[in-house]
Structures are given as C-alpha cells and as structure tokens.
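Fold and geometry: a report
Letter by letter, the chains look like this.
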Number of protein chains: 2
Amino acid sequence: MFAIQPTSAEPIYRQIVEQLRRLIAGGQLVAGELLPSVRDVAGFHAINPMTVSRAYGMAETEGLLERLRGKGMAVAATTRSTATQAQRMALLEPQLQDLARHARELELPGDAVLRRLGRLLEE
Amino acid sequence: MFAIQPTSAEPIYRQIVEQLRRLIAGGQLVAGELLPSVRDVAGFHAINPMTVSRAYGMAETEGLLERLRGKGMAVAATTRSTATQAQRMALLEPQLQDLARHARELELPGDAVLRRLGRLLEE
DNA sequence: CCATGTGTATTAATACAACAATACACCTGG
DNA sequence: CCAGGTGTATTGTTGTATTAATACACATGG
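Model, not experiment: these values are computed from the prediction.

**A look at the relation of the copies chain B and chain A**
It takes a turn of 180° to lay chain B on chain A, together with a shift of 0.1 Å along the axis; the resulting RMSD is 0.2 Å. Within this description, the copies of the chain are treated as partners about a two-fold rotation axis. In terms of proximity to the rotation axis, the leading residue of chain B is Leu114 of chain B, whose C-alpha is 3.2 Å off the axis.

Quick look at the structure:
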C-alpha cells in the first residue's frame, strides 16, 4: 500500500509517483494490475484523496498507469513487463552520484561505504 | 566555493549548510579556517547574499561556524578537527537506507549496485 | 435503474524559498 | 582616523509548491 512518510521533506505525491516508477520497472507491479483506490490509499495513510489523485494523474501522464473508467487505475499495458537491468540502474544513478559526492566530502573510505551498503542490501 | 545547484529541488541555503557539515566533519575545512564572504559566494553563484547569510547563520547556531567580527565566518574552534569515521558514516546513513530501499523496489541485484557505486567512488 | 464506487476539476489556505533594496553595527588595516 | 571590508536585521514582493475542502461527472454492477 505504498511506503509513505508524511513527515518527510519530500512531497507525498512525489513519493508515490517515484515509488510507482520503481515498482513497475522492477516488475513488482505487472501490467493490468489494479491499484488501490485513491480513497483507500488516502484513508489508510490519513492524507487527502486529492494528493493521491495528483500522483496517479502524473503517473498516467508519464505513461505508467491507465484509467479504467469506473474501475480505477491500472498499470499501463504498454509497459514492457520488466525494464532491463540497465534501465533500472539508470533510475538509481542520480542517487548514486549524490551518495558518492557526499562520501567524498566526508572523506570516507570507499570500502567502508560499500560494506555498509552491502549489509543494508541483504535485509 | 561550494557546489550549488540552483535548479535542484533542495533549497540553496540547505545545500550550503549540509555541505559545510560534511566538509568540516571530513576535515577538508579545518578549525579556524576563514570562509569566503557572503558577497563573494553570492556573486560567484549569482544568488542573493541573504541566502548565503542565512546558511552561515544556521551553521553558526549549529555550532559549526564562528563569527569573527569584522573578518567574517570561520570554522568553529570547538570542532574536534575530524569526526571519527563512525560519526561521519552516521551522517551518510539515511541516504544509504533510502538507496537500499529503492534498489529493492527496483529488484536490482545487490552486487550490481555495489559495483556501480564502487566505480563512482574511485573518481 | 440507481446506489456505490471510480477519478478529478476547482478553489482556497498555507507555507516556503528566493530575491531585492536598504540600512545598520562592527572591525580591520593603511 | 576612516575607507572599506565583514555579517545581519528589516521589510516587502514574487513565484511556487503542497495540501486540503468541496462538489462534480461518470461507469459499474446487482
């Protein structure tokens, strides 16, 4: 039901859109799959339905979702079921570059950073 | 002279503060070192001097910087010259956790992510 | 057919970031 | 001493972003 942190600095609607991008690219959401309704998501997280609608709307504009009138939003059929690993990696690239820059500013040894990340990736 | 991206979603003043945190923790800015004046930084990046002043002011409140009246801002003397590696790693932890979560949503193999990051860290 | 479920257009409230233009208080250094 | 360098307080404006409240159009499905 989406991982949303209302306290985060990142806007809620963008948290949802970006999560959709990744979950669809990664194949955890498959083409045709029906998403939870805006009211369900909003009720569950105690946020405004329009905030969810805005996220869904942007995802539709982006071609990620499709409107099924009267039924709700579904993962777009045009989506190739799972993006190639290179395509998925590209979605992570900006974050990787930021991380590398910050690590350099902190004068942290590369292998220490890699070890820590490796542990986090195992969980 | 600070790495500032005026187009970024992150506010300019916060980019500066966070960069100061890391550069000081990492030891690239040493206690007593004089920072460039607000007018210099503002002129160089074509931003408002008050935006830089705001960042400096927050850094001073945080204990990172000291006001030297008539001279400018300097790295606070109270700063232990370089934070321990564990302390510096802690500053990177939130970003590492976000990255791990996103990689998982993308269903990316951990070692592929680690390899890419490793390459970025070498540069 | 119509209650019930979709998504959404519209409007408003609120907050925030950045800029601009001053004026000020202070210290340095020749 | 004083010209020129610090940072900063103040006030106002502009543009934008985010969320919320409300009402609406529409399709489903028993």
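**A look at the protein's contact with DNA strand D**
Taken together, the neighbourhood of DNA strand D is formed by 22 residues, with Pro11, Tyr13, Arg14 and Asn48 of chain A together with Ser53 of chain B sitting nearest. Protein-proximal atoms of DNA strand D, defined as those within 4 Å of the protein, fall in sugar or phosphate at a share of 71%. Within the side chain of Tyr13 of chain A, a nitrogen or oxygen atom sits 2.3 Å from a phosphate oxygen of DNA strand D. Separating a phosphate oxygen of DNA strand D from a side-chain N or O atom of Ser53 of chain B is a distance of 2.8 Å. Contributing elements (two or more residues each) for the surface near DNA strand D: helix H1 (12–26) and helix H3 (49–61) of chain A together with helix H2 (38–45), helix H3 (49–61) and strand E2 (72–75) of chain B. Across the surface near DNA strand D, the residue classes break down as 8 nonpolar, 7 polar and 7 charged.

About the thresholds
- One numbering rule holds for all chains: residues counted from 1, following each sequence as written.
- Chains carry letters and ligands carry numbers; both start at the beginning, A for chains and 1 for ligands, and go up in the order they are written.
- At least 70 in pLDDT is required for a residue's local features to be given in this predicted model, at least 80 for side-chain atom pairs to be given and counted, and no such filter applies to totals for whole chains, interfaces and linings, which use all residues.
- Excluding hydrogens and water, the side-chain values take into account all heavy atoms of the structure.
- Superposition of the copies used a least-squares fit over C-alpha atoms from residues whose pLDDT is at least 70 in both.
- The rule for a residue being near a molecule or strand is that one of its heavy atoms must lie within 4 Å of it.
- Here a polar contact is taken to be a pair of N or O atoms separated by no more than 3.5 Å, where protein atoms must pair a possible hydrogen donor with a possible acceptor and residues adjacent in sequence count only if both atoms sit in side chains.
- Numbering of helices and strands runs from the N terminus, with a helix taken as a DSSP run of H or I at least four residues long and a strand as a DSSP run of E at least two residues long.
- Amino acids outside the nonpolar list (Ala, Val, Leu, Ile, Met, Phe, Trp, Tyr, Cys, Pro) and the charged list (Asp, Glu, Lys, Arg) are all regarded as polar, and Gly is one of them.

Remember that the coordinates give geometry; whether it matters functionally is a separate question.
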